Amino acid sequence: MNFDLSDEQKMLAEQMRGLLGKRATPQRLRSLIDAGQEWDEPLWRELGELGFLGAAVPDVYGGLGLSELDLGVISEELGRVNAAVPFFSSVVLAADAIGLAGTQAQKARYLPGIASGETVATFAYAEGSAGWSDPAVHAVLEDGRLTGTKSPVADAGVAGLAVVLAKAGGRLALAVVELEQPGVLRTKLESFDQLRAHYSLRFENAAATPLEGAAAARVMPMLMDRAAVQAAFEGVGGAEACLHMARDYAAGRKIFGRSLDSYQAIKHKLADILVGVELARSSAYYAGWAAVTGAEDLPTSASAARLMAIDAFERAARENIQVHGGIGYTFDANCHFYYRRERTLALSLGGRERWADRLIAHMPGRQGQGNARGREAA
Amino acid sequence: MLDTSSRVAFDEDHAMFRETVRKVFDRALLPNLDRFEVESSVDRPFWLACGEAGLLCPTVKEEYGGLGLDFGYNAVVDEELAYAGSSAGITLQSDIVAEYIERYGSKEQREKYLPRMVTGEVITAIAMTEPGAGSDLQGIRTTAKRDGNHYVINGSKTYITNGQLADLVIVVAKTEPDLGAKGTSLILVERGVEGFERGRNLDKIGQHSADTSELFFQDVRVPMTNCLGEENKGFIYLMSQLPQERLSIAIQAHAAAQRAFDEAVAFVKDRRAFGKTVFDFQNTKFTLADLKTQLQIGWAHLDWALQRHVQGKLTTAEASAAKLWHTEMQGRVIDAALQLHGGAGYMNEYMVARLWRDARVTRIFGGTSEIMKEVVSRSI
């Protein structure tokens, strides 16, 4: 089996890296924050025009029909530059939710807009600290009307559309809701990642279109597994960026008469980060392959990739600041972009515990044991 | 030599006592250290030498032949023994068994055993663990059933320190099996009683100087006066002795870690690689700095715990936290000290190899680290 990326995927990565290296610089991120922007709209449009936003959307719905691994390549590059675009919300979560749960007609209605970037969508699943397991979901969907509160919802300030997890007749249900309507109240939440703003969404009898292609209870675990794979790729990109930042800084900085990177303590630190990044990358590749093939071990491989990526990015983001020393703690250095994004990413989709539980529950030999599976969130 | 210059739990009398301990160990322990390892046990002359010099059971009152000192003196012996790299079972007798006999024993029992425990003529053990019962003492299956004026003991014990040498064993047995833990008693069984057999001196990863054994009891008849303290109170006695046992383990763990550190420092300052001493590498210095920091903090904590225990204030949760932290730290420190030795650390001729072997069990015996966390969490 060949575990390397294909030549096409390598080209895709290079293309993305070339574009983002020019467009999504730290200076650009700073100017967006200074201007109070929640996203980089010109970059989003450009990514749409080049087809990246529809990479994994089937071509009949206006996408490129590429695989989840290709999408992973894009996620990794976006993570590398900490890009201020709602890719994870719109393309990874919302589009996939519609793709998995929608009818053909619903896919035809929503996916082309998301694939082109014209429509920005988000996925509203959590309900505060209660999370999004079946008993935690209280939003109610009835006769095409949605009532309830979802929070936090990423990128809801720039999204026009939300796929919402709710209950219909006591069962989990997914519905598409236009956010520009009287029954929707968006409240921005104070958070530390200015470039991935989170909102509370209050729905009061809002018009909603139930996704009727497949049962939400069946779709949710798969959707979350597939999103976890993309989050892992994004984390790997961010972690590797931190590694390179730390390496470059240490190479240029002189201390006690020699360069910082000549010290054994720094070299060992960088080596530890690199080991974490490589392990996380391999896990993400494997989970990406499982997502492409629909392999039975997607739950375990996605959970493993998610956990490895959380750990690798956490270590890389923290140690990057430590290698920089005092300057790393300032707003002028770029370390904090990754430090913030790392936390945001680590706490989205349920944190480490949720994925550790899922991994254990699906370990080979545990499948028959209902208890373990029952305990984890759906 | 163990540096005690910055310690605060000890006074000048302790320091003089420590000098005595070192002299005795120089004479009776260090020359025999390797032989004891090979023979899988220390010998009786070593016990007698310790007894003669007053190292055994220092807390026992003078009327029973002891010195009537505080537990700080036990701590001195614990530290010096562990620092010497020995796993001899004298600390079990001084820190654990003597306390049981003196505190819960009848006047006859105290007079019969304590003076000879102090001299080393009587070697003792306490038999709790069974093949199917570790920290969960409720699972004990050994029974002591009444028959007239006697108990009839049946069952088997394992992992018993001093098992081969012991002249007297405190056996934890069920006198009222239906009552669970509340039906537990401590019964004294002497060497030579019919039906009491010693099994193998168990083959262990480390602690090769300790004769850790299986014990078997088949219809062993002992008079009811051999019950230590009140019948069916055994579980309570066991629970109330836990702080001292765990503190004793913590002290020995820390002293052993200090020895490993001192060994590593000496080694890396002597050994050369790539044109400089191993100590000159930043990784070595940083590793040692990290270990030294942990050791310094640990000694401060031990002194605190020791002082609290001498004042009778150390709680089970605090003692358990101490055992948890110091034994886990011992594992980390000794492993790192071994790594700094490179290939030599893997050779049994180096002290650090023995310290590494001996350290592994301290996270297990006296209650595992996981049990320690359970105990600490109950106090939260």
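Residues numbered from 1 in each chain as written. Chains lettered and ligands numbered in written order. Predicted model: local features only at pLDDT ≥ 70, side-chain atom pairs only at ≥ 80, totals over all residues.

Asker: Even after reading the chapter, I still don't get the overall build of chain B, so can you show me in this structure?
Answerer: Assigned secondary structure in chain B consists of 11 helices and 10 strands. In summary, chain B has a C-alpha radius of gyration of 21 Å against a globular reference of 21 Å for 380 residues, a match within 12%. Each principal axis of the C-alpha distribution contributes one length, and for chain B these read about 80 × 40 × 40 Å. Sorting the 380 residues of chain B into buried and exposed places 48% on the buried side. A separation of at least 24 residues holds for 75% of the contacts in chain B among residues at least 6 apart in sequence. (Helix = DSSP H or I, 4+ residues; strand = E, 2+ residues; numbered from the N terminus. Rg over C-alpha atoms; globule rule 2.2 N^0.38 Å. Buried ≥ 20, exposed ≤ 12 C-beta atoms within 10 Å, placed from the backbone. Contact = placed C-beta atoms within 7 Å.)

Asker: Explanation requested: the overall build of chain A in the structure shown.
Answerer: Scanning chain A for helices and strands turns up 12 helices and nine strands. By its C-alpha atoms, chain A is 75 × 55 × 40 Å across when sized along the principal axes. Across the 378 residues of chain A, 50% fall into the buried class. Here the analysis covers contacts within chain A between residues at least 6 apart in sequence; of these, 73% occur between residues at least 24 apart.

Asker: Sorry, what's going on with the domain arrangement of chain B here?
Answerer: Many structure descriptions define interface size as the accessible area lost when the parts assemble. Residues and elements named next belong to chain B. Segmenting chain B into domains produces domain 1 (12-122), domain 2 (125-230) and domain 3 (235-378). Measuring from the centre of the C-alpha atoms in domain 1 to the corresponding centre in domain 3 gives 22 Å. In this assembly, 17 residues from domain 1 lie in contact with 18 residues from domain 3. Tallying contributions element by element places helix 4 (residues 71-84) first for the side of domain 1 that touches domain 3, with eight residues. A breakdown of the residues in the side of domain 1 that touches domain 3 according to their chemical character gives seven nonpolar, five polar and five charged. (Domains from an automatic or database assignment. Nonpolar A, V, L, I, M, F, W, Y, C, P; charged D, E, K, R; others polar.)

Asker: Is there a simple way to explain the packing of helix 7 (residues 216-252) of chain A against helix 9 (residues 298-324) of chain A in this structure?
Answerer: Between two packed helices, what matters for the description is the angle formed by their axes and the separation of those axes. Residue and element names in this part refer to chain A. Between helix 7 and helix 9, the shortest axis-to-axis distance is 8 Å and the interhelical angle comes to 25 degrees. Comparing their axes, helix 9 and helix 7 come out roughly parallel. The hand of the helix 7/helix 9 crossing is left-handed. Of the residues that constitute the contact of helix 7 with helix 9, the class distribution is 23 nonpolar, five polar and three charged. (Axes fitted to C-alpha atoms, helices over the stretch in contact; angles between N-to-C directions. Parallel < 35°, antiparallel > 145°, perpendicular 65-115°, else oblique. Left-handed = near helix turned anticlockwise from the far one by under 90°.)

Asker: Teacher, can you tell me more about the nonpolar core here?
Answerer: It is characteristic of soluble globular proteins that their nonpolar side chains tend to be buried jointly. Counting residues in hydrophobic clusters, the biggest one holds 125 residues, and the most contacted among them are Ala162, Val164, Ala175, Ala232 and Ala309 of chain A. With 20 residues, the top contributor of residues to this core is helix 7 of chain A. Each residue touching valine 164 of chain A, except ones within four places of it in the same chain, is listed here: Ala124, Ala139, Leu146, Lys150, Ala175, Val177 and Ala208 of chain A. Counting residues in each nonpolar core, the second largest holds 108 residues, with Leu165, Leu228, Trp299 and Ala337 of chain B among its members. (Core = buried A, V, L, I, M, F, W, Y, C linked by C-beta atoms within 7 Å.)

Asker: Looking at this structure, how should I read the domain arrangement of chain A?
Answerer: Residues and elements named next belong to chain A. Segmentation of chain A into domains returns domain 1 (7-116), domain 2 (121-214) and domain 3 (217-375). For domain 1 versus domain 2, the distance between C-alpha centres works out to 22 Å. With 21 residues of domain 1 at the interface, the matching set in domain 2 holds 19 residues. In terms of residues, the side of domain 1 that touches domain 2 owes the most to one element, helix 5 (residues 87-101), which gives nine residues. Here the side of domain 1 that touches domain 2 is composed, by residue class, of 15 nonpolar, five polar and one charged.

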